[in-house]
Amino acid sequence: MLDAILIFLMGLALIGLTGITFSFLVSSFREKEDRATLFGGIQFVFFFGSLVLFTLSYANGFLETAPGRMLLIVLSAFTAAGTWLLFNKNGENAKALAGTAGLIVGEVERFDERETVFARDNLQIGTDAYKEMYGEHPEWEERDTRRRAMGGVVGEMGAIDKPKGNANFSAAIASMLMPEYLCAPHIIRPMNFRGDTIDINPEEATLRVKGFARKLGADLVGVARINPLWTYSHRGMDGSQQGEEWGQALEVSHGYVIVLATEMAFDLVQTSPHTSGTIETARNYAEGAGISIRLAQFIANLGYSATAEHLRHYQSLLVPMAVDAGLGEVGRHGYLITKELGPRLRLAGVTTDLPLVPDKPVDIGVDDFCVRCEKCSDCCPSRSIPSGAPEAVNGTLRWKLNPETCHDYWAKVGTDCNICMRVCPFSHDRSLPHKVITEAVTRNKNARRLFLYMDDLFYGRKPKAKSAPGWASYAS
Ligand code: SF4
Ligand code: SF4
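> Describe the overall build of the protein, with residues and values.
From N to C terminus, the protein includes 19 helices and eight strands. Taken over the C-alpha atoms alone, the protein extends approximately 90 × 60 × 45 Å along its principal axes. Sequence-distant contacts, at least 24 apart, represent 79% of the contacts inside the protein between residues at least 6 apart. Carbon together with sulfur atoms contributes 62% to the accessible area of the protein, which is approximately 22,000 Å² in total. On the protein, the mean spot of the 49 positive side-chain charges and the mean spot of the 54 negative ones are 6 Å from each other.

> Account for the domain arrangement of the protein, with residues named and values stated.
The domain architecture assigned to the protein consists of domain 1 (2-87) and domain 2 (97-423). Just the C-alpha atoms count here: the centres of domain 1 and domain 2 sit 44 Å apart.

> Can you lay out the environment of C183 for me, pointing to particular residues and giving the numbers?
Checked against the element boundaries, C183 lands in the loop between α8 (165-181) and α9 (185-188). Residue C183 is classed as buried on the basis of its relative accessible area, which comes to 0%. Leave out the neighbours within four places in its chain, and C183 touches I188, Q241, Q242, H310 and R312.

> Quick one: what's the story with a nonpolar patch on the surface, residue by residue and with numbers?
Residues M1, I5, F8, L9 and L12 make up a contiguous nonpolar surface patch of about 570 Å² in total accessible area. By the element assignment, L9 lies in helix α1 (residues 2-30).

> Any details on the site of ligand 1? Residues and values, ideally.
Near ligand 1 the following residues occur: C380, P381, S382, I385, L401, C406, Y409, W410, C417, N418, I419 and C420. In terms of residues, the shell around ligand 1 owes the most to one element, helix α16 (residues 403-413), which gives three residues. Classifying every residue of the shell around ligand 1 gives ten nonpolar, two polar and no charged.

> Describe in detail the nonpolar core, supporting the description with residues and values.
Ranked by internal contacts, the top residues of the largest apolar core, which has 28 residues, are I258, L260, I299, L354 and L356. Looking at this core, the elements with two or more residues in it are α10 (202-216), β1 (220-225), β2 (256-263), α12 (275-302), β3 (306-309) and β6 (345-352). With seven residues, α12 is the largest single contributor of residues to this core. Counting residues in each nonpolar core, the second largest holds 22 residues, with L220, A322, L345 and L347 among its members.

> Kindly report on the packing of α1 against helix α2 (residues 34-59), identifying the contributing residues and their values.
Running from N to C, α1 and α2 cross one another at 155°; their axes reach a closest spacing of 8 Å. Judged by the inter-axis angle, α1 sits roughly antiparallel to α2. For the pair α1 and α2, the sense of crossing is left-handed. When the residues that make up the contact of α1 with α2 are grouped by side-chain class, the tally is 16 nonpolar, nine polar and no charged.

> Explain the sheet that holds β6 residue by residue, including any values.
Ordered in space as β1-β2-β6-β3, the four strands form an open sheet in which the pairing is antiparallel. Either end of the sheet is taken by a strand with one partner, and the two such strands are β1 and β3. Shown here is a sheet whose adjacent strand axes are inclined to one another by a mean of 20°, direction ignored. Pairing analysis gives six bridges linking β1 to β2, with the strands arranged antiparallel. From the neighbouring strand, V223 faces β2, where its bridge partner is I258. Along the sheet face, α10 touches β1 and β2 and points at about 145° away from the line of β1.

What counts as what
Residues numbered from 1 in each chain as written. Chains lettered and ligands numbered in written order. Predicted model: local features only at pLDDT ≥ 70, side-chain atom pairs only at ≥ 80, totals over all residues. Heavy atoms only, no water. Helix = DSSP H or I, 4+ residues; strand = E, 2+ residues; numbered from the N terminus. Contact = heavy atoms within 4.5 Å. Areas by Shrake-Rupley, 256 points an atom, 1.4 Å probe, with all protein chains shown as cover. Lys, Arg positive; Asp, Glu negative; His and termini not counted. Charge placed at Lys NZ, Arg CZ, Asp CG, Glu CD. Domains from an automatic or database assignment. Buried < 20%, exposed > 50% of the residue type's maximum accessible area, 1.4 Å probe, protein only. Patch = residues over 30% accessible without salt bridge, like charges linked within 9 Å, V, L, I, M, F, W, Y side chains within 5 Å. Salt bridge = Lys/Arg side-chain N within 4 Å of Asp/Glu carboxyl O. Near = heavy atom within 4 Å. Nonpolar A, V, L, I, M, F, W, Y, C, P; charged D, E, K, R; others polar. Core = buried A, V, L, I, M, F, W, Y, C linked by side-chain atoms within 4.5 Å. Axes fitted to C-alpha atoms, helices over the stretch in contact; angles between N-to-C directions. Parallel < 35°, antiparallel > 145°, perpendicular 65-115°, else oblique. Left-handed = near helix turned anticlockwise from the far one by under 90°. Pairing = 2+ DSSP bridges.

Structure representation (structure tokens):
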């Protein structure tokens, strides 16, 4: 009886491993990953050969002999031990499960939107705003002036891909205009077209809001109570379309935020820092804007106050809010990393006073993985991502990306770079083998060590950008 069970389980394990390695071989070949294809081929041949040998041993009765039984027991024990060592859930990371509260180590000052590189980029020489900003921060003036002379945050658009970059940037701008169209005050803060308030309990409201957001195209949706620390203190971007002035104090009166994530396409992210990658960044901002304004309108029609958060109107820092909404953890590169999409996503959101059921923060092993990995730090062309342990910055323990040097590089290449997103081991496509690996990595420390080593082996420590599909080609 024991023999029959072991033969069944071993057969099942070998069929599973053969299938996964075949799937890995095919997806690596499609992605033009030469080393991953080679190693995937070796793995497939090994497991397929093992399956054939196992089947022959069973068919000719070898597994019923004493040596055959012994071999079966050893192989079964080895397989069970390997599975346990890679998939057993380690003790939970209490820091991650506390969400952003787990990162706070001191007093946190709310972030001022005026200080972002994007807002500073818009300042006109000689204006009061200009004088105020550089009066307080003279250390930024020279660098900002140089960046403005290059054309601003993305410099000469598509410079890295001249002349093909012009066509790709035209596509990117076509999407970038969408948030611009969707930022008028009555769109950002919609009115109730029905006129009355619908009696709805938090459970049903959450079900409906999340379901509608997904139907509108959000790939991930989470809800959090708003922590005011993660809202901007002052307006810095051009708020004229919403009737907001530079320097105006901002307060969010709502108690809840719905955070939405849309997936950035793997094939385009893999082309970063080229203009084809920027097409996908812009497309996601357009998607996020479209989803957030319709979701805000839906909530307004239920009779509650709601404000859309998208590229042309942020009041919230959506990455920490996404952490509190249980979508993922923050990586060394500063992007949100989720179990489902890694960092290959863009965020939008809606703040509201509609009572909802908040989600809980998650522990998916990012903290531990990033401590060992440092791949984004090694690959960043402007050395903007720190190596080593996280440090206390503005009362929070985290890795602090240098936005000044990062955006200098953007201005140089004329795109939004995204190399750190492309090389991150969590960014792989969502084929079956990568889903299995992600499951192991989010549960287990041994898996993090093994698969980090394998990621370097299969894809290289500094993977190169891939070519784009013909319609988004950047090669001249
Ligand atoms: S976007 Fe590019 S320059 Fe900026 S941190 Fe990432 S890799 Fe570095
Ligand atoms: S590349 Fe590595 S260190 Fe950087 S965010 Fe991704 S997992 Fe973390």
